[in-house]
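# Observations on chain architecture
Letter by letter, the chains look like this.
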Amino acid sequence: MSNIVELSRRIMLCASHRLHSTHLSDEENKQLYGKCNNPNGHGHNYVIKVSVRGEKDPITGMVMDAAILKDYMTKAIMDVMDHKCLDKDVEYFKTQPSTAENIAVFVWNQLSPYMEKEKCSLHKVKIFETENICATYKGMKA
């Protein structure tokens, strides 16, 4: 019988961004990203769901203390991204378009150092940009 369990925690943050690639011309960016390439940007109420996976502790019954996961998410995600212009305020997005896919990778990379302290592992990050658009990242495969 397996005691491997996935625990997930969800947060919501508000941020603005402009979809724009430094590798494309202004015209190519306009054609590719359309209204999301507006020079003044636009905003989202992002929902970020982080899942960790590991063996359930036989004494506590937990994979990880959810309060500790919340603390990590606050430091790694909320403090860095909430109420920010991603493209201007977050160094990573100065060279990477702030797509949902890139945000998922960024969040993974932000949380990874915190998870090194834990017995469980970061399993996946899911970013809901809107009700209809989401991206999931499960880290690099070995």
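Below, the structure is looked at part by part. Since the structure is predicted, the reported quantities are computational estimates derived from the model, not experimental observations.

The rules we used
Residues numbered from 1 in each chain as written. Predicted model: local features only at pLDDT ≥ 70, side-chain atom pairs only at ≥ 80, totals over all residues. Heavy atoms only, no water. Helix = DSSP H or I, 4+ residues; strand = E, 2+ residues; numbered from the N terminus. Buried < 20%, exposed > 50% of the residue type's maximum accessible area, 1.4 Å probe, protein only. Contact = heavy atoms within 4.5 Å. Polar contact = N/O pair within 3.5 Å; in protein donor to acceptor, adjacent residues only side chain to side chain. Pairing = 2+ DSSP bridges. Phe/Tyr/Trp six-rings, centres within 6.5 Å; stacked < 30°, edge-to-face > 60°. Core = buried A, V, L, I, M, F, W, Y, C linked by side-chain atoms within 4.5 Å. Axes fitted to C-alpha atoms, helices over the stretch in contact; angles between N-to-C directions.

## Quick notes on the environment of Ser51
Note on placement: Ser51 falls in strand β2 (residues 42-55). We classify Ser51 as buried; its relative accessible area is 1%. Residues Ser51 and Leu69, spaced 18 residues apart in sequence, show a C-alpha to C-alpha distance of 9.5 Å. If we skip the residues at most four places from it in the chain, Ser51 touches Glu6, Leu7, Ser8, Ser121, Leu122, His123 and Lys124. A distance of 2.5 Å separates polar atoms of two side chains, one belonging to Ser51 and the other to Ser8.

## So, the pairing of strand β1 (residues 4-17)
On a regular strand, each side chain points to the face opposite its neighbour's, so the side chains alternate between the two faces of the sheet. Relative to β2, β1 runs antiparallel, the two being bridged by 14 bridges. Each residue of the ladder has a partner; that of Cys14, found in β2, is Asn45. Across 2 bridges, the pairing between β1 and strand β3 (residues 84-85) is parallel. Bridging from a neighbouring strand, Ser16 pairs with Cys85 of β3.

## Let's talk about the pairing of strand β4 (residues 121-128)
Note that β2 and β4 share 7 bridges and pair antiparallel. Each bridged residue has a counterpart across the sheet, and for Ile48 the counterpart in β4 is Ile127. One ladder, built from 4 bridges, connects β4 with strand β5 (residues 134-137); its direction is antiparallel. What sits directly across from Phe128, in β5, is Cys134.

## A closer look at the packing of aromatic side chains
In total, this model carries 5 aromatic pairs according to the counting rule given. Seen from their ring centres, Tyr72 and Tyr114 are 5.2 Å apart, and the 35° between their planes marks the pair as tilted. Of this pair, Tyr72 sits in helix α2 (residues 66-81) while Tyr114 sits in helix α4 (residues 100-115), placing them 42 residues apart in sequence. Residue classification places Tyr72 among the buried positions, given a relative accessible area of 8%. The class of Tyr114 is partly exposed, set by a relative accessible area of 21%. What links up through ring pairs into an aromatic cluster is the set Tyr92, Phe93 and Phe106.

## Regarding the nonpolar core
Within the largest apolar cluster, 32 residues are counted, with the highest numbers of intra-cluster contacts made by Ile48, Val50, Ile77, Val107 and Leu111. Secondary structure elements with two or more residues in this core: β1, β2, α2, α4 and β4. Considering every element that reaches this core, the biggest residue donor is α4, with 8 residues.

## With respect to the sheet that holds β5
Pairing within the open sheet is mixed, and its 5 strands lie in the order β3-β1-β2-β4-β5. Strand pairing shows two members of the sheet lacking a second neighbour, β3 and β5, which therefore form its edges. Strands in contact with α2 are β1, β2 and β3; relative to β1, the strand with the most contacts, it is inclined by about 25°. On the sheet, α4 packs against β2, β4 and β5 and is oriented at approximately 150° with respect to β4.

## A closer look at the side chain of His123
Structurally, His123 is set in strand β4. The class of His123 is buried, set by a relative accessible area of 18%. At 3.4 Å, the side chain of His123 and the side chain of Glu6 are in polar contact. Other than its neighbours up to four places away in sequence, His123 contacts Glu6, Ser51, Val52, Arg53, Trp108, Tyr137 and Lys138.

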